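# Residue-level structural notes
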Amino acid sequence: MTAAPPGFHASNEPRPASVYVHFPYCLTKCPYCDFVSYKTPREAIDHVGYADAVIAELRARASYAEAAWSAAGSRRRIESVFFGGGTPSLWEPKELGRVLAAVREHFTCAEGDALEVTVECNPTSLDERRARDLDAQGVNRLSVGTQSLRQEQLQYLGRLHDPAGAQEAVRGALASGIGRVSTDLIFGLPGQSPEDARSQAGELADAGLRHLSCYQLTIEPGTQFGELSRRGRLPLADDGLVAEGFLAIDEELTSRGFTHYEISNYAMPGEESRHNLAYWRGLEYVGVGCGAYGYVQTARVGAAADGGIGVRYRNAIDPKAYVAAAAGVRDDALGEGDGLSISSEPLDGETLLRERIMLGLRLANGVDLGACGRDLGVDPWTPERVRTIEQLSSKGRLARVGDTLRIPRPAWLWADDTAARLF
Amino acid sequence: MPTTPQSLIRNFSIIAHIDHGKSTLADRILEITGAVTDREARAQFMDKMDIERERGITIKAQNARLKFTAKDGLTYQLNLIDTPGHVDFNYEVSRSLSACEGAVLVVDSTQGVEAQTLANVYLALEQGLEILPVLNKVDLPSSDVEGTREQIEQVIGLDCSEAIGCSGKTGVGVPEILEEIVKKIPPPKGNPDGLLRALIFDSWYDSYRGAIVMVRVMDGTLKRGDKIRFLATMTDYEVTELGSFQPFAVALDEIGPGEVGFLAGNIRSVHDTKVGDTVTHAAKPTSDPLPGFKDVKPMVFSGVFPTDSAQYPDLRDALEKLHMNDAAFSFEPDSSEALGFGYRCGFLGLLHMEIIQERLEREFNLDLIITAPSVVYKVTKKSGEEIRVENPAKLPEPQFIETIEEPIVKMAIHVPSDHVGAVLALCQEKRGVQISMQYASTERVIITYELPFNEVLFDFHDKLKSASRGYASMDYELIGYRVGDLVKVDMLVNGDPLDALSIIVHREKAHTRGRSLAEKLKEFVPRQQYEVAIQAAIGSKIISRETVRAMRKDVTAKCYGGDISRKRKLLEKQKEGKKRMKQVGSVEIPQAAFLAILKVD
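Residues numbered from 1 in each chain as written. Chains lettered and ligands numbered in written order. Predicted model: local features only at pLDDT ≥ 70, side-chain atom pairs only at ≥ 80, totals over all residues. Heavy atoms only, no water.

A tally of regular secondary structure across chain A gives 14 helices and 17 strands. Of the contacts made within chain A by residues no fewer than 6 positions apart, 73% connect residues no fewer than 24 positions apart. (Helix = DSSP H or I, 4+ residues; strand = E, 2+ residues; numbered from the N terminus. Contact = heavy atoms within 4.5 Å.)

Structure representation (structure tokens):
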């Protein structure tokens, strides 16, 4: 595992940060998906226009963020870029490459492979050639949306590909020599046995993948599944079986040498997603593109009168509105009626601390609460929290070593409840 | 101001069923006698408290001394003594009535005789009062003066040939009523030279002057500066202030025989000024107290707990304030495993309980959890010891109990004849014993039952209303105690008792009540990490069980950049919810569960 994150306090050493680029188009809309994505035919996507808009936003965001960081008293180095969606593998690799070049141009970035560049891919828009093209643009990590290796499950999930297509996309990605490849698996489907979840994880590992994200199916409001479920029309899995599926996958993959480094993520040593680790460690991410979220520090810890030391913003979710707003964006007026961000939430030290707890407890290594407190200028050891830590520890729900809290593996199934109690 | 000769004094009350227009008529009388000008005549002058005004009932009696010049040319002193209009305050009503020589019986000519009409008439007759029936609301199109007249004669046996039709709203007939009062109600016949005897019929607490006591002087004269004694409490005071309400307070030097007025004397609490007690001179006390005094005791008890334990001191202050002004209300510290610290409060009845709860919440801004009301049981233990049990949680274990006696009430129900069947069924279901059934008219029936008081407390009134489409009226009085086959039902969560939910019920009803409580509780107990058993038990015997399945997981699958704010807010909400959880053994139960259960039916 990589070392603990450097503190938020002023330092000569730049602090790691990330860039997230959202691509809002898909060939179809999956019924469980609650990300900003619009069903769009390949030929209807304006590859160049969207890239231009994202680049315009990048320029403004960079200028704005650099000013904020300078006010906060430290510098940043971008160590990961993540193209998410939507289906960014649909994007013309050349246009995606232009955006990546703009990131390098406007931000201080890590050199070579020290900059992790990931693109989310769908089996229907990924083959060996597309993988090579992306590699040529500087992409060094692919995340393939396999979701399932069973036909009936792919149908339930509304996916366009079949098991063979998924296997082929994974094979092509690995064969392209692009560096690192990960895939997503969804488990906890109705009628699925824990054994089936386990064997699919095993099959993907057999295919040569060294990073796997295994998500239990979550029904989100506002999705097609959410609507069906609200009306009682969606068959759902028994949560006992889902829990057993979670444990079965853990058993299978850890026996093969994977580290279960986050609740839903497994990696061979050194293969962890740096970009996602940055989220779970509470590091900043500059979000660009339609519907993207971003979080940047805006003031020196302890210096802001209102205690706000960071802001989380969200961009316009309608692609046309986004592209139009990005064309006229000014770097000195971000966030205030810029038409680009549709909401922004100031974050104070206490709020950020709760986020650090919530996110950090997702990691096998846990969260160094003492370091977080120093970072954010707040005292994390309130009497109530200390009491709760003791209670949870006595029930095997939490382990404390020094200032670090972590959830023992069997108790991960209760991570939300544990985090809420520690809020 | 000299006292008025007794021949020119008339003391009277107005009695009526709720909503039959007593307060409106009283207002009109104040207006006609010139006691209240239009500007002062707020609607229903006699009902002071907000809750009284809202509910249209009188809780604390108000009184007025009025001047009225009759057709005979003489000016009379009329003392209108208001009575609380609810069964919970039966004793107070009887004392107010015994301060009078007569009563105006108001019957709504659109409704006819109701349960309370009868109860109040009987009370007045017991006091030997002259009763003047009047038929109110003659201004309404649905008024049936003749029918009502007949009904009163038939049901109550009062001569109604001279009953006046009136309208409190328009004032029609009101001057005639005043003439009747002067003509028909006898003047007081006290002994002016006898030893002082004055009846306390109301008192309340004033933060500047201490307890203010309403008295009716029977014999002798009460003067400012007198050293007086209250015979029941054997406490002595010096009268610092005398006066009467006309209806605004007017200071007096003395109150003569037959007159009504108030006294103050730095009396620390209304608990020294018990309604029905006799006031006499400390130096020359009477040896013959006025009859009818009773020390009223609370009949209904419930636990009162603050929702937020930080409000406990505020609750105590509020209860102390209410207690200072209400001799019939009691409270003592109580604690519950599930609800924390609170008080066990005693009330005269359900209405009294509701009024106090409402005042606590409204006037003192408290957020309360109130446990199901319980009656007072008399328990004889195997050892022969007799105890009073006001709190089901305090009932001894079954093996120590010889008998449990429960209070029984005599219940009179007035109901339209087409709903008789449903009402009889309800009374049977409630373990009633029928005493009589009487036709008040071809359409209306008076049903009399003896019923266990605890059955009345539970949901009798609501069920009566729905059994009769709202047309039935009821009135009851406590007639004594009777041995019952009663058991305590405890609610257990994973084996730990929820003391606040224990109830005492008849053995035959234990299963049904236990099951419905368990089902209700199940709805509100969130799934926990392990299975939770919700059980109803009599002693160690489980009579009903519900299971809350274990929740096997509580974990978010994906949490990336866009999810963080939303997820954090969800967990913040989850955390807020946990704050309001009560820990019972290893199980967390939301406070909402207690609230919901205590509102069952």
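Here we take up the pairing of strand β22 (residues 377–381) of chain B. Residues and elements named next belong to chain B. The pairing of β22 with strand β23 (residues 386–389) spans 4 bridges and is antiparallel. Paired with K378 across the strands is R388, a residue of β23. Between β22 and β23, which pair antiparallel and follow one another directly, the connecting turn spans 4 residues, one of which, G384, has a positive phi of 95°. (Pairing = 2+ DSSP bridges.)

So, about the pattern of salt bridges. A side chain of one charge can pair with a side chain of the opposite charge if their charged atoms are brought near each other. Per the counting criterion, the structure on display carries 77 salt bridges over all chains. Here D416 of chain A and K567 of chain B are joined by a salt bridge, their closest N and O atoms 3.5 Å apart. Residue D416 of chain A is found in helix α14 (residues 415–422), and its partner K567 of chain B is found in helix α12 (residues 564–579); the two belong to separate chains. Accessibility assignment for this pair places D416 of chain A and K567 of chain B in one class, buried. Where K22 of chain B meets D82 of chain B, a salt bridge forms, and the shortest distance between an N and an O atom there is 3.4 Å. Linking K22 of chain B in helix α1 (residues 22–32) with D82 of chain B in the loop between β3 (75–81) and α3 (90–98), this pair joins segments that are 60 residues apart in sequence. Through salt bridges with shared partners, a single network forms among E406, E429, K430, R431, E455, D459, K463 and K509 of chain B. (Salt bridge = Lys/Arg side-chain N within 4 Å of Asp/Glu carboxyl O. Buried < 20%, exposed > 50% of the residue type's maximum accessible area, 1.4 Å probe, protein only.)

Let us now look at the interface of chain A and chain B. Contacts between chain A and chain B engage 41 residues on the former and 27 residues on the latter. Across the chain A/chain B interface, buried area totals approximately 3400 Å², and carbon plus sulfur atoms make up 53% of it. Together, D239, W414 and D416 of chain A form the three largest contributors to the area buried by chain A at its contact with chain B, with a combined 20%. For the interface between chain A and chain B, the tally reads 13 salt bridges. Connecting chain A to chain B are 29 residue pairs in polar contact (both at pLDDT 80 or more). When contributions to the side of chain A that touches chain B are tallied by element, the ones reaching two or more residues are β8 (211–216), α8 (239–255), α9 (274–280), β14 (341–348), α11 (349–360) and α14 of chain A. With 6 residues, α14 of chain A is the single largest residue contributor to the side of chain A that touches chain B. Looking at the side of chain A that touches chain B, its residues break down into 19 nonpolar, 7 polar and 15 charged. (Buried area = accessible area lost by both parts, 1.4 Å probe. Polar contact = N/O pair within 3.5 Å; in protein donor to acceptor, adjacent residues only side chain to side chain. Nonpolar A, V, L, I, M, F, W, Y, C, P; charged D, E, K, R; others polar.)

Turning our eyes to something else, we now look at the environment of L369 of chain A. Residues and elements named next belong to chain A. By the element assignment, L369 lies in helix α12 (residues 369–376). Accessibility expressed as a relative area gives 0% for L369, which makes it buried. Sequence spacing of L369 and D403 is 34 residues, and the spatial spacing of their C-alpha atoms is 5.7 Å. Other than its neighbours up to four places away in sequence, L369 contacts L353, I357, P380, W381, R385, I389, D403 and L405.

Attention now moves to the packing of α11 of chain A against α12 of chain A. Residues and elements named next belong to chain A. Put simply, α11 and α12 touch, their axes get as near as 10 Å, and they point 155° apart. Accordingly, the angle class assigned to the pair α11 and α12 is roughly antiparallel. Of the two elements, α11 crosses α12, and the hand of that crossing is right-handed. Across the interface between the two elements, G349, L352, L353, R356 and I357 from α11 touch L369, C372, G373, D375 and L376 from α12. Of the residues in the contact of α11 with α12, the class split is 6 nonpolar, 2 polar and 2 charged. (Axes fitted to C-alpha atoms, helices over the stretch in contact; angles between N-to-C directions. Parallel < 35°, antiparallel > 145°, perpendicular 65-115°, else oblique. Left-handed = near helix turned anticlockwise from the far one by under 90°.)

Turning next to the nonpolar core. In terms of nonpolar packing, the biggest core is built from 122 residues, with V81, F83, W91, F107 and L142 of chain A touching the most fellow members. At 10 residues, helix α1 (residues 47–72) of chain A tops the list of elements feeding residues into this core. The two domains that each donate at least three residues to this core are domain 1 (15–280) and domain 2 (351–421) of chain A. Of all hydrophobic cores here, the second largest spans 47 residues; its members include L315, I401, C427 and Y449 of chain B. (Core = buried A, V, L, I, M, F, W, Y, C linked by side-chain atoms within 4.5 Å. Domains from an automatic or database assignment.)

Residue and element names in this part refer to chain A. Spatial ordering of the open sheet is given by β15-β17-β16, a layout of 3 strands whose pairing is antiparallel. Because the sheet does not close on itself, it has two edges, and the strands there are β15 (367–368) and β16 (399–401). Bridge count for β15 against strand β17 (residues 404–406) is 2 bridges, and the pairing is antiparallel. What sits directly across from D368, in β17, is T404.

With that settled, the discussion passes to the confidence of the model for chain A. Looking at chain A, the pLDDT average stands at 92 and 94% of residues meet or exceed 70. Per-residue pLDDT stays below 50 along residues 1–10 of chain A; that stretch engages in 27 contacts with residues further than four places along the chain or on separate chains. (pLDDT = per-residue confidence, 0-100.)

This part covers the sheet that holds strand β8 (residues 210–219) of chain B. All names here are of chain B. Reading across from one edge, β11-β10-β16-β7-β8-β15-β12-β13 is the order of the 8 strands in this open sheet, with antiparallel pairing throughout. A strand with exactly one partner marks an edge of an open sheet, and here the two such strands are β11 (235–238) and β13 (249–251). This sheet shows a mean twist of 40° between the axes of neighbouring strands, independent of strand direction. Here strand β7 (residues 197–206) runs beside β8; their pairing, made up of 9 bridges, is antiparallel. Paired with W204 across the bridge in β8 is I212.

Further remarks concern the packing of α11 of chain A against α12 of chain B. Interaxial distance between α11 of chain A and α12 of chain B falls to 10 Å at its minimum, and their mutual angle equals 95°. When the axes of α11 of chain A and α12 of chain B are compared, the pair comes out roughly perpendicular. Packed against α11 of chain A, whose contacting residues are T351, R354, E355, M358 and L359 of chain A, the element α12 of chain B presents I564, S565, K567, R568, L571 and E572 of chain B at the interface. The residue inventory of the contact of α11 of chain A with α12 of chain B, partitioned by class, reads 4 nonpolar, 2 polar and 5 charged.

For the rest of this paragraph, the subject is helix α7 (residues 312–325) of chain B. Residue and element names in this part refer to chain B. With 14 residues, α7 extends 20 Å from end C-alpha to end C-alpha; this agrees with the ideal 20 Å at 1.5 Å per step. Looking only at α7, the buried set comprises L315, A318, L319 and L322. For α7, the angular spread of buried residues about the axis comes to 100°, placing them on one side. Of the surrounding secondary structure, the elements contacted by the buried residues of α7 are β17 (300–306), β18 (330–336), β19 (340–347), α8 (350–363) and β20 (368–370). (Expected span 1.5 Å × (residues − 1). Arc of directions from axis to C-beta.)

Residue and element names in this part refer to chain B. A cluster of acidic residues, D144, E150, E153 and D159, forms a negative patch on the protein surface. If you trace the backbone, D159 turns up in the loop between α5 (145–155) and β6 (164–165). Note on D159: relative accessible area 55%, which makes it exposed. (Patch = residues over 30% accessible without salt bridge, like charges linked within 9 Å, V, L, I, M, F, W, Y side chains within 5 Å. Areas by Shrake-Rupley, 256 points an atom, 1.4 Å probe, with all protein chains shown as cover. Lys, Arg positive; Asp, Glu negative; His and termini not counted. Charge placed at Lys NZ, Arg CZ, Asp CG, Glu CD.)

A separate point is a nonpolar patch on the surface. All names here are of chain A. Taken together, Y38, I317 and I342 make up a surface patch of nonpolar side chains, about 250 Å² in accessible area. Summarising the element assignment, I342 is placed in strand β14. Taking the relative accessible area as the measure of exposure, I342 reaches 51% and is therefore exposed.

Our focus in this paragraph is the packing of aromatic side chains. Throughout the structure, instances matching the rule amount to 25 aromatic pairs over all chains. Aromatic pair F23 of chain A and Y25 of chain A: ring centres 5.3 Å apart, planes at 80°, arrangement edge-to-face. Considered together, F23 of chain A and Y25 of chain A belong to a single accessibility category, that of buried residues. Each ring, one from W69 of chain A and one from F107 of chain A, has its centre 6.5 Å from the other, and the planes form 55°; the classification is tilted. Within this pair, whereas W69 of chain A is found in helix α1, its partner F107 of chain A is found in the loop between α2 (93–106) and β5 (116–121), the two being separated by 38 residues in sequence. Classification of W69 of chain A as buried rests on a relative accessible area of 1%. Overall, F107 of chain A belongs to the buried group, its relative accessible area being 4%. Each residue in the set Y215, Y261, Y279, W280, Y285 and Y295 of chain A together with Y560 of chain B is aromatic and connected to the rest through ring pairs, giving one cluster. (Phe/Tyr/Trp six-rings, centres within 6.5 Å; stacked < 30°, edge-to-face > 60°.)

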